[in-house]
Amino acid sequence: MAAPRAAPPRCRPRLLLPLLLLLLLPAPSDGLGHSAELAFAVEPSDDVAVPGQPVVLGCKVEGTPPVRITWRKNGVELPESTHSTVLANGSLMIRHFLLDGGGSPSDEGDYECVAQNRFGLVVSRKARIQAATMSDFHVHPQATVGEEGGVARFQCQIHGLPKPLITWEKNRVPIDTDNERYTLLPKGVLQITGLQAEDSGVFHCVASNVASVRVSHGASLTVSGSGSGAYKEPTILVGPENLTLTVHQTAVLECVATGNPRPIVSWSRLDGRPIGVEGIQVLGTGNLIISDVTVQHSGVYVCAANRPGTRVRRTAQGRLVVQAPAEFVQHPQSISRPAGTTAMFTCQAQGEPPPHVTWLKNGQVLGPGGHVRLKNNNSTLTISGIGPEDEAIYQCMAENSAGSSQASARLTVLWAEGLPGPPVNVQAVSVSSTEVRVSWTEPLVNTKEIIGYVLHIRKAADPPELEYQEAVSKSTFQHLVSDLEPSTAYSFYIKAYTPRGASSASAPTLASTLGEAPAPPPLSVRVLGSSTLQLLWEPWPRLAQHEGGFKLFYRPASKASFTGPILLPGTVSSYNLSQLDPTAVYEVKLLAYNQHGDGNATVRFVSLRGASERTALSPPCDCRKEEATNQTSTTGIVIGIHIGVTCIIFCVLFLLFGQRGRVLLCKDVENQLSPPQGPRSQRDPGILALNGAGRGERGQLGRDGKHVDMKELEQLFPRAGAVGQPGPRPNPRPTDPEAPTLCEETQFSMLPLQGFGLLEEMTSEAKAPCVGPLAALPPQDTGPGLLSEGPAALPARSGQ
């Protein structure tokens, strides 16, 4: 690229790739987030000057030469004179500091160092210069009488710049600061503990600074004889005061307590946090000194005077507020952006109280407006559609009551050579309530490479970030913008585009869409009674802005003329029609209107006949009774649901456990009964179904799937009276009514509900069911196939 020039840097067409690389890289910086092209190495600081003496305000600037340095006082450029001179290094020297008087202006004020080069202009932080002064004492020490062993305290107060140094004299002789019984506090307090007769005398307060030395009135101290030694409750004579300091200063929290015995003084924070030990010391018998305070030291401090060995105590408290000047946690970074794009700077500052952030462009305050936006409490600066006029040095200024700070960054606008100029003669004409036609003529220079135009559109009341664009061909010099809102102002501007970039934006133009009558409002109707209708719709506040509202008409359907119009404001959303004919059908019509006329109406038909009949059939209700009935009905429903659910659960459990128990007991009986001669039905008399086995199988099919022979059953379960003697087993006659009922006839998974009755069928001589205990069977029914002992059925039960 060519060497830097005073004009904004330009890019040749063959250097597009380096241009793109520049977009990805931030501008060079000094490592601290400051612009390397121009930045402060030393800024002026607050100072106190002695009238008649010289004052020097430091300022050192680093940047690309040549750099011009000037100074401002209270925002106005300070002219060079023999009274004030800018030194070669940029510092300002005031030869003889002046105060008001003698016809010359005072040199007190806020000073700023201003540096400028070809990249832009930067302004330093404000430095406040004040004259050294000393006022008279507004609090003099007072005479004091104390007992031996007691406590005495003297105090004086005086204002001065810089803060006066306070010392004390006794009988015109400086007191001995090495005496541990004498405590001098910086705020002008003298404490004497363990009083002795030799402490009697006259005390003076001496205040001194660079401006003057002043001595207070004398105050006598009289020490009487020793006290009576009687018990005295702990008492705090002086507690801590509320203090507001800046970081790095020293906080002195005073606490003077008396009592007999001598109380023990302790300190704590009201919020329970520890005070800490670093930079903390106790001066005298109970004064808390905090050196080099920070924001974390802010809080309420409690002084407690305790009687030794007891819980008797007295307390006093004071609040310490520590302020911190503004400092940056994020500096703005210098950036390079092509013309027509958006540039964004961000800076974040902290301090106590929280600082206020402002932005400067080349030393001038920059506010929101146009294509400049400030967001996030001014911590983010956004510039849209940048052009050559936006190339400058931007500064973020953070300031609070404790001090100020500044940080700067440079915006470089990249501009390619040979780009067309902005389109000219841009005009916008309203066509309808939703359309605007925008026309223009081509730029005055470099029009050969134009490939098209881009029209930028937004509502005039909207911020720039809400704009949208529409592309237009290069041979078209007008465009119809549609889908706009009626009676609304819009802003338009246009850019010409080439393969190498966009032109600068044309001058914006404004146009408002035409107005139109409102659309039909949505309408719903409710019948409130036999002669009352309630009409409901959505309110339209915008109607009030355009001299509009609603018109309401209604009539019985049998009549030709409407009642109305009833005029209603645009903010109303309901209306009641009363005293209507209960037997009629009504037509209701609602429309919205504005200064452009009436809109289309929404029509509804509604009949009051049904409401009238319902009212006649239904007598007026007793609301209290209905409420009680509703409560009773609700309670009954809940109880009924609970009872129903409980019944269902019991039925399911009864069926499940009943089925399981009956099957087990039936199998128990089957294992104890001899094979029957035959069932009452036409079934095979030699079949015994065990555990759901097929009825065509002989023997038993166990859980293990093995076939069990009937002979094995006889061996496992011998006949009564013939144990160990196998033999043929007589079968009952099929027609014998006394034959025991086969439990296999009861198959729960196969039989219908009436099948359960088979379990309880018995002969006329034996009424006990097969599921009952074996002892219930009569002796004549216990045939040779029946076991005499019930426990013999246990193996079969375990086999399931």
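In what follows, the accompanying structure is described. Along each chain, residues carry numbers from 1 onward, in the same order as the chain's sequence is written. Predicted model: local features are reported for residues with pLDDT of at least 70 only, side-chain atom pairs are reported and counted for 80 or more only, and whole-chain, interface and lining totals are derived from all residues. To obtain the side-chain values, all non-hydrogen atoms of the structure were included, while hydrogens and water were left out.

## Description of the sheet that holds strand β46 (residues 478-481)
Right, on to step 1. For two strands to be treated as a pair, DSSP must find no fewer than two bridges joining them. Note on conventions: DSSP H or I runs of at least 4 residues are helices, E runs of at least 2 residues are strands, and numbering of each starts at the N terminus. Ordered by their spatial adjacency, three strands build an open sheet running β42-β43-β46, and the pairing between neighbours is antiparallel. The sheet is open, and its two borders are formed by β42 (424-430) and β46, each paired with just one other strand. Taken pair by pair, the neighbouring strands of this sheet meet at an average axis angle of 15°, ignoring direction.
Right, on to step 2. Here β42 runs beside strand β43 (residues 436-441); their pairing, made up of five bridges, is antiparallel. Bridging across to β43, Val424 finds its partner in Thr441. Note on geometry: axes are C-alpha line fits, over the in-contact stretch for helices, and angles between N-to-C directions span 0 to 180 degrees.

## As for the side chain of Arg458
Right, on to step 1. Along the chain, Arg458 falls in strand β44 (residues 452-459).
Right, on to step 2. In the analysis that follows, any N or O atom pair within 3.5 Å is treated as a polar contact, provided that within protein one partner can donate a hydrogen and the other can accept it, and provided that, for residues neighboring in sequence, both atoms belong to side chains. For Arg458, the side chain forms a polar contact with the main-chain oxygen of Asp462, separated by 2.6 Å.
Right, on to step 3. Other than its neighbours up to four places away in sequence, Arg458 contacts Pro463, Pro464, Glu467, Tyr490 and Ser491. Here, residues are in contact when the closest pair of their heavy atoms is within 4.5 Å.

## Side note on a nonpolar patch on the surface
Right, on to step 1. Two distance rules govern patches: like charges are joined within 9 Å, and nonpolar side chains (Val, Leu, Ile, Met, Phe, Trp, Tyr) within 5 Å, applied only to residues with over 30% relative accessible area and no salt bridge. What sets the accessible areas is the Shrake-Rupley method with a 1.4 Å probe; for residues, cover comes only from the shown protein chains. Salt bridges are defined by distance alone: a side-chain nitrogen of Lys or Arg within 4 Å of a carboxyl oxygen of Asp or Glu. A grouping of Ile637, Ile641, Val645, Ile648, Ile649, Val652, Leu653, Leu656 and Phe657 is seen on the molecular surface, where their side chains present a nonpolar patch of about 870 Å² in accessible area.
Right, on to step 2. The residue Leu653 is located in helix α4 (residues 623-672) in this model.
Right, on to step 3. Note on Leu653: relative accessible area 39%, which makes it partly exposed. Classification of residues uses two cut-offs on accessible area relative to the type maximum, computed with a 1.4 Å probe and protein chains only: under 20% is buried, over 50% is exposed, and between them is partly exposed.

## A few points about the pattern of salt bridges
Right, on to step 1. Within the structure shown, the criterion is met by 14 salt bridges.
Right, on to step 2. A salt bridge links Lys187 to Glu241; its shortest N-O distance comes to 3.9 Å. Here Lys187 is found in the loop between β19 (182-185) and β20 (189-193), whereas its partner Glu241 is found in the loop between β24 (232-238) and β25 (243-246), with 54 residues between them in sequence.
Right, on to step 3. Overall, Lys187 belongs to the partly exposed group, its relative accessible area being 23%.

## Examining the pairing of strand β31 (residues 299-306)
Right, on to step 1. Among the eight residues that make up β31, eight are buried, leaving the element largely enclosed by the rest of the structure.
Right, on to step 2. Taken together, the eight bridges between β31 and strand β32 (residues 313-330) define a ladder with antiparallel strand orientation. Across the sheet, Cys303 pairs through a bridge with Ala316, a residue of β32.
Right, on to step 3. Connecting the antiparallel pair β31 and β32 is a turn made up of six residues, with Gly309 showing a positive phi of about 80°.

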